[in-house]
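# Tertiary structure, described
Here is what each chain is made of, one letter per residue.
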Amino acid sequence: MIKAQRGTKDILPSDILTWQEIENKARNLFQNANYKEIRTPIFESTDLFKRGVGDSTDIVNKEMYTFNVGGGDTSITLRPENTAGVVRSYIEHGMDKLPTPVKLWYFGPMFRYERPQAGRQRQFHQIGLELFGIPDASADAEVIILAAEFLKANGIGNLVVSLNSLGCPDCRNKYKEKIKAAIKPYLENLCDDCKVRFEKNPLRMLDCKNEDCKKIFEKEEIKKVINDDFICEDCKNHFEELKKYLDKVGIKYEIDKMLVRGLDYYTRTVFEIKSTALGAQSAVLGGGRYDGLVEMLGGKPTPAVGFALGAERLFSLIEKKEEDKLDYFVVSKFQDVAIKTVFELRQKGYSADFDMLGRKFAKQLERAGKVAKKAVIIGEDELEKGFYTVKNLESGVQEKVSSL
RNA sequence: GCGGGCAUCGCCAAGCGGUUAAGGCCUCGGAUUGUGGUUCCGAUAUGCGUGGGUUCGAAUCCCACUGUCCGCCCCA
């Protein structure tokens, strides 16, 4: 038997209403906020992700589905995330000529070759949005507010946003050097991963889960450097402004100096929303500002901010939507009459179905009782005298009507 | 890439070396040739993830593989 590939899942009819509900809520909320939906291709040039997501990230280094096509001279990759693709589209279609800001949202499958576990699949879905052209913290605030609103709309209450600022490239580089200087004496005691990170991407050391590394970062002298406000005046003001906006709207947040996201393109604001109900993969949603990405991918310098949300993780947190019963189930041994009646009911906008196997009366009614609110009964009497018997299947009350 | 648990019908699940592999749900048929959601009866795994092995005998023990779940890493 051929089975679904490892790390992929069928979304079955029993779950589809809940999925549709998630998508509907995103569509309503984001379109109300003047975001337009964009659908970009599932695969892109491998180069886009190498440059966009970053060569030093795990995503690019070991998790991409990459193929050589066209006789081996074209390398394509199944998108592991969608920001790079949306930015590519933004540049390619000259969206910088559109009124500022340009606000886009998306929903679709992403692909990462990882070991599946709770809350992690190889094909998974993300809902996200991107806002282009606004350097002011009001843009960061809007994006975070929409993220919180969206979760709230899905019944996730009491959420707290983890917030941090990574600074701009300038202050971040200075910060990196300071951290490296502080940690250097302990370099030998770090885990192997952190030794590599020390050179390639020192900030990601702070995310390390290794107990020995954690202990080192807990040391007073190092903690002081980490917690030191390294960011420049402009970045600091930007961050303060953002907090002010969030306070004004009443969004709860906590500053997490350790929050360092794993994609290279983030600048200044980064944020994450977690749930303890999810197990090890606790992040439901993550995002931040990426002021350098558009330029890095060949566009004009354009500030931007966005987030992405793991739809499967959200799905596991929310109450499942039950299927509604049909308005009518037509019960009759005359199949031609049944099919015509069902057709007419549907034309009037009712949901309706009938028995296609010519089962006997009791069985048809049994089915009706399971799937519908009302049964329309059409037998010899009804046919002859030209009326319908409508039975309310919840109350058992039955009445004769001349039309439906 | 590295640890640990688990794998019996569409779903849940008993079985723990010995003749025909419980049970429940769902599905299908009947009791009941026009009144269901209550009840009763019947049907549905020659097979227990796959391949080897141990044994007179294996779903039950051993090995390998595969899958899945949980964790590490990383991320949504």
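This structure is a prediction, so every number in the text was calculated from the model and none was measured.

### Regarding the overall build of chain A
Scanning chain A from terminus to terminus reveals 15 helices and 16 strands. The globule rule puts the C-alpha radius of gyration for 404 residues at 22 Å, and the 28 Å found for chain A is more than 25% above it. In terms of overall dimensions, chain A has a C-alpha envelope of 95 × 55 × 45 Å along the principal axes. With 404 residues in all, chain A has 46% of them scored as buried. Looking at chain A, you have 64 positive and 62 negative side-chain charges, and the mean spots of the two groups are 2 Å apart.

### Looking at the packing of aromatic side chains
One pass over the structure, following the stated rule, counts ten aromatic pairs. Residues Tyr-328 and Tyr-350 carry aromatic rings whose centres are separated by 5.2 Å and whose planes lie at 85 degrees to one another, so their mutual orientation is edge-to-face. Here the residue Tyr-328 occupies a position in strand S12 (residues 326-332), and Tyr-350 occupies one in the loop between helix H13 (335-347) and strand S13 (352-354), the gap between them amounting to 22 residues. By relative accessible area, which is 9% here, Tyr-328 ends up buried.

### A short note on the sheet that holds strand S4 (residues 74-78)
Taking strand neighbours across the sheet as the criterion, the three strands line up as S2-S4-S3 in an open arrangement whose pairing is antiparallel. The sheet terminates laterally at strand S2 (43-45) and strand S3 (65-69), the two strands that pair on one side only. The mean inter-strand angle of the sheet, taken between neighbouring strand axes irrespective of direction, is 35 degrees. Examined bridge by bridge, S2 and S4 share three bridges and lie antiparallel to one another. Bridge assignment links Glu-44 to a residue of S4, and that residue is Thr-77.

### Here's the deal with unusual backbone geometry
Between Thr-100 and the following residue, Pro-101, the backbone shows a cis peptide bond with an omega angle of 0 degrees. For Pro-101, the position within the fold is in the loop between helix H4 (83-92) and strand S5 (102-111). Although it is not a glycine, Asn-34 adopts a positive phi angle of roughly 75 degrees. Phi angles above zero are rare outside glycine, and Arg-268 is one such case at about 55 degrees. Take Arg-268: it is sitting in strand S9 (residues 267-274).

### Quick word on the domain arrangement of chain A
By the assigned domains, chain A splits into domain 1 (13-168 + 231-317) and domain 2 (326-401). Each of domain 1 and domain 2 was reduced to a C-alpha centroid, and the two centroids are 49 Å apart.

### Observations concerning the environment of Lys-321
With respect to the helices and strands, the residue Lys-321 is situated in the loop between helix H12 (311-317) and S12. It is 8.0 Å that separates the C-alpha atoms of Lys-321 and Glu-21, two residues lying 300 residues apart in sequence. Among residues more than four places away in sequence, those in contact with Lys-321 are Leu-17, Thr-18 and Glu-21.

Conventions adopted
- Residues numbered from 1 in each chain as written.
- Chains lettered and ligands numbered in written order.
- Predicted model: local features only at pLDDT ≥ 70, side-chain atom pairs only at ≥ 80, totals over all residues.
- Heavy atoms only, no water.
- Helix = DSSP H or I, 4+ residues; strand = E, 2+ residues; numbered from the N terminus.
- Rg over C-alpha atoms; globule rule 2.2 N^0.38 Å.
- Buried < 20%, exposed > 50% of the residue type's maximum accessible area, 1.4 Å probe, protein only.
- Lys, Arg positive; Asp, Glu negative; His and termini not counted.
- Charge placed at Lys NZ, Arg CZ, Asp CG, Glu CD.
- Phe/Tyr/Trp six-rings, centres within 6.5 Å; stacked < 30°, edge-to-face > 60°.
- Pairing = 2+ DSSP bridges.
- Axes fitted to C-alpha atoms, helices over the stretch in contact; angles between N-to-C directions.
- Domains from an automatic or database assignment.
- Contact = heavy atoms within 4.5 Å.

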